[in-house]
Amino acid sequence: MSTNRAFDSWKYRLVVCIFVFVSLLSIEVKAATKKYQFNVEVTNVSRLCHAKPIVTVNGMFPGPTVYAREGDRVLINVTNRAQYNMSIHWHGLKQYANGWADGPAYITQCPIRPGNNYVYDFTITGQRGTLWWHAHILWLRATVYGAIVILPKQATLFPFPRPDGEQVIVFGEWWHADVEEVEKQGNALGLPPNMSDAHTINGKPGPLFPCSEKHTFAMEVEQGKKYLLRIVNAALNDELFFAIAGHNMTVVEIDAVYTKPFTTNAILIAPGQTTNVIVSANQAPGRYFMAVRPFQDVPIPVDNKTATAILQYKNVPTTIIPTLPHLPLPNDTTFALSYNKKLLSLNTPSFPANVPLKVDRHLFFTVGLGKSVCPTCINGTRLSASLNNITFVMPQVALLQAHYFDVKGVFRADFPDNPPKAFNYTGAPLTANLFTAKGTRLSRIAFNSTIELVIQDTNLLSVESHPFHLHGFNFFVVGTGIGNFDPTKDPTKYNLVDPPERNTIGVPTGGWAAIRFRADNPGVWFFHCHLELHTGWGLKTAFLVEDGPGKDQAVRPPPKDLPQC
């Protein structure tokens, strides 16, 4: 009898110990903190037979990948050892009520001055997948960028078969000249800056360029296995086609949101966007080029050269010459439109598409490219850009700080919901500006209100595709079209069931895109074209989302080490 009681007591203690251990383990997982040190420094890098100093993080080009798990707290100490002011944006992270960690200079923070540091402190909530980080001041993101990989919570499965391996693939651009000098020269002349000299895959242009055989990225695979490619377009100014010779890809995620899987022989990815694809190593063992080149369906000069990397089957000699993939033609608008229509939210009970069905406020923003007076520039004019005929002027005090501390005179919260004048937006090219104002004007949004925003391209100077990025939120792309948006007919064709959920949307050339989101994140959130060229010309604004009534629905206090202007 006593033996049984002793055994039962032992079992009880064992169960208690296991329960405590599992509970502590659970707490540890939930409370995980990931710490990173980012040293912004100048490093000599050689590409295309040419060496030059570039700004990097930790001497790496591209910079280090940030790995974390959904629910983790992340602390990244950025120490600026370069000669430029610096800020870093964690592109696609929602930063709930924590705009202080968002990163765009003079929007949510003053820049980190040379010799100083700032700790970006944020928690990843309700997100998993591939995002990225980059400098958000001047053109420094040409070399200061890297991927963010957010793993699902422990014991949470992917909604697709688990791959055998994975690889981060980041597209970029390379200039022979100093990028900041290229930008300054363009601004001084009033013209677009010189285009890049090459595109890159993981910082390398590939063997089709001179002096580049050793500057070629190669990914080794084993026949019969499946691989997840986490693809980021970090290029400054180009939408890009990507394909792998002899291999199809299955798209499973965009902008860290799962999609309905579909198979394609190529993808289209705009600057700022991410795409996860699964590739099966199911071809004859060999060497296959992965290739990337721009999509450009209007006659505007771009760097149209093809960058390559190599998909290398294990145990295949490197002396075998790889085969090139069949990329879409540079102006293949049909492929671009067809591809984007296949992007749909997964919309399952575990990963629902919570599309706002009722809209509290309708916004209509027109995209304008034009010219402004510049006595010192060639022809006396400078290229400029506007939303609703307003060219955004960057402030000298960070907008979030001005809002939080109620600093007067920094901005006006009266950005118009509609353009001042309606016209045939995508009709015959208009070479003269409509009236364009300059100012630091924000759109004030009520907390938790539902917003529909239609972004309309125009033919002022030229139509063009514009990838727009909204900080602090994801949104649903409920509709797109070519030509002028029809407020009566087009909404009847919206997809309100499983539209793609993104943080960056490519507005079609000569067309429009309609997005919906719930404004449940208080703060000041940047909204801008992710073509660095257009952002510099003023194609941007910001949303000021008011505080909510709840305890956790207001902008949290700023950190003590927040940089000052």
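The structure we're discussing is the one just above.
Residues numbered from 1 in each chain as written. Predicted model: local features only at pLDDT ≥ 70, side-chain atom pairs only at ≥ 80, totals over all residues. Heavy atoms only, no water.

Looking at this model, I keep getting lost on the overall build of the protein chain. Mind explaining?
Helices and strands together make up the secondary structure of the protein chain, namely 5 helices and 32 strands. Computed over the C-alpha atoms, the radius of gyration of the protein chain is 25 Å, within 12% of the 24 Å expected from 2.2 N^0.38 for a compact globule of 565 residues. In terms of its C-alpha atoms, the protein chain occupies a principal-axis envelope of roughly 100 × 65 × 55 Å. Residues counted as buried form 58% of the 565 residues belonging to the protein chain. Pairs at least 24 residues apart make up 79% of the contacts formed inside the protein chain by residues separated by at least 6 positions. (Helix = DSSP H or I, 4+ residues; strand = E, 2+ residues; numbered from the N terminus. Rg over C-alpha atoms; globule rule 2.2 N^0.38 Å. Buried < 20%, exposed > 50% of the residue type's maximum accessible area, 1.4 Å probe, protein only. Contact = heavy atoms within 4.5 Å.)

Looking at this structure, I do not really get the sheet that holds strand β26 (residues 466-470). What am I missing?
Two modes of strand pairing occur in sheets, parallel and antiparallel, and in both the strands are linked by backbone hydrogen bonds. Across the sheet, which stays open at both edges, the 5 strands sit in the order β24-β32-β31-β26-β29 with mixed pairing between neighbours. The sheet is open, and its two edges are formed by β24 (443-445) and β29 (504-507), each paired on a single side. Strand-to-strand twist across the sheet, computed as the mean angle between neighbouring axes with direction ignored, equals 20°. (Pairing = 2+ DSSP bridges. Axes fitted to C-alpha atoms, helices over the stretch in contact; angles between N-to-C directions.)

How should I be thinking about the pairing of strand β9 (residues 165-174) in this particular structure?
Burial runs high along β9: 7 of the 10 residues are buried. In terms of strand pairing, β9 meets strand β12 (residues 226-233) through 7 bridges, oriented parallel. Looking at β12, one finds that V170 is bridged to V232. Bridging between β9 and strand β10 (residues 198-201) involves 4 bridges; their strand directions are antiparallel.

Just checking my understanding: could you explain the pattern of salt bridges for this structure?
On inspection of all chains with the given rule, the structure shows 19 salt bridges. Between R73 and D121 there is a salt bridge whose closest N-O contact spans 2.6 Å. Highlighted residues: R73 in strand β4 (residues 73-80) and D121 in strand β6 (residues 117-123), separated in sequence by 48 residues. For D121, a relative accessible area of 30% translates into the label partly exposed. (Salt bridge = Lys/Arg side-chain N within 4 Å of Asp/Glu carboxyl O.)

Sorry if this is basic, but what is going on with the sheet that holds strand β18 (residues 287-294) here?
If you trace the 5 strands from one edge of the open sheet to the other, you get β11-β19-β18-β13-β16, paired in mixed fashion. Of all strands in the sheet, those bounded by a partner on one side alone are β11 (218-221) and β16 (267-269). Going across the sheet, the axis of each strand differs from the next one's by a mean of 20°, ignoring polarity. As judged from the 6 bridges shared by β18 and strand β19 (residues 307-313), these two strands associate in the antiparallel manner. Within β19, the position partnered with F289 by the bridge is I310. Packing against the sheet, helix α3 (residues 333-341) makes contact with β13 (240-244) and β16, and its axis sits at approximately 90° to β16.

What should I look at first to understand the packing of aromatic side chains in this one?
The description of two aromatic rings rests on the distance between their centres and on the angle between their planes. Using the criterion set out here, one finds 33 aromatic pairs in the structure. Relative to Y339, the ring of F335 lies with its centre 6.0 Å away and its plane at 15°, an arrangement referred to as stacked. With F335 and Y339 both in helix α3 and 4 residues apart, this pair spans about one turn of that helix. Just as F335 is buried, Y339 falls in that class too. (Phe/Tyr/Trp six-rings, centres within 6.5 Å; stacked < 30°, edge-to-face > 60°.)

Which parts of the structure should I look at to understand a nonpolar patch on the surface?
A surface patch of nonpolar side chains, amounting to about 220 Å² of accessible area, comprises L189, L191 and I378. Within the element layout of this structure, L191 appears in the loop between α2 (179-189) and β10. (Patch = residues over 30% accessible without salt bridge, like charges linked within 9 Å, V, L, I, M, F, W, Y side chains within 5 Å. Areas by Shrake-Rupley, 256 points an atom, 1.4 Å probe, with all protein chains shown as cover.)

What exactly am I supposed to notice about the environment of T334 here?
One can find T334 in helix α3. Linking T334 and R128, residues 206 residues apart in sequence, is a C-alpha distance of 31 Å.

What am I meant to see in the pairing of strand β5 (residues 88-91) here?
Looking along a regular strand, one sees side chains alternate from face to face of the sheet. Burial along β5 is two-sided: the residues I88 and W90 and H89 and H91 are all buried. Sheet topology note: the β5/strand β7 (residues 129-135) ladder contains 4 bridges and is antiparallel. What sits directly across from H91, in β7, is W132.

Looking at this model, I keep getting lost on unusual backbone geometry. Mind explaining?
With glycine set apart, most residues show a phi of negative sign, and most peptide bonds adopt trans. Between F61 and P62 the backbone carries a cis peptide bond, its omega angle lying at -5°. Within the fold, P62 resides in the loop between β2 (50-57) and β3 (66-69). With a phi angle near 55°, A97 is a residue other than glycine that sits in the positive phi range. As for its position among the elements, A97 is in the loop between β5 and β6.

Whenever I open this one, the nonpolar core confuses me. Can you help?
In terms of nonpolar packing, the biggest core is built from 47 residues, with F38, I88, W90, Y120, F122, W133 and L399 touching the most fellow members. Setting aside its immediate chain neighbours within four residues, W90 contacts F38, I76, Q95, A101, D102, Y120, F122, W132, W133 and I148. Counting 42 residues, the second-largest nonpolar core is a separate cluster that includes M219, I269, F335 and Y339. (Core = buried A, V, L, I, M, F, W, Y, C linked by side-chain atoms within 4.5 Å.)

Before we go on, may I ask you to explain α2 in this structure?
Working note: α-helix, 3.6 residues per turn, so residues spaced by three or four point in the same direction. Buried residues of α2: V179, E180, V182, E183 and G186, and no others. The buried side chains of α2 occupy one side of the element, clustering within an arc of 160° when seen end-on. Turning to α2, the residues buried within the fold contact β2. Between a side-chain oxygen at the N-terminus of α2 and the backbone nitrogen of E180 the separation is 2.8 Å; the capping residue is D178. (Arc of directions from axis to C-beta. Polar contact = N/O pair within 3.5 Å; in protein donor to acceptor, adjacent residues only side chain to side chain.)

Help me understand the state of the cysteines in this model?
Throughout this description, disulfide means a covalent bond between two cysteine sulfur atoms. Summed over the entire model, instances satisfying the criterion amount to 3 disulfides. The disulfide bridge from C110 ends at C565, spanning 1.8 Å between sulfur atoms. Its torsion about the S-S bond being -100°, the disulfide of C110 and C565 is classed as left-handed. In this pair, C110 sits in the loop between β5 and β6 while C565 sits in the segment after β32 (540-545), placing the two residues 455 residues apart along the sequence. On the accessibility criterion, C565 (41% relative accessible area) is partly exposed. When the bonded cysteines of the protein chain are counted from the start of the sequence, the pairing works out to 1-3, 2-6, 4-5. (Disulfide = S-S within 2.5 Å.)

Just checking my understanding: could you explain α3 for this structure?
Buried residues of α3: F335, A336 and Y339, and no others. Along the long axis of α3, the arc covered by the buried residues comes to 100°, so they all point the same way. Those residues of α3 that are exposed and aimed more than 90 degrees away from the buried face are T334 and K341. On its buried face, α3 is in contact with β13, β14 (249-254), β15 (257-264), β16 and β17 (274-280).

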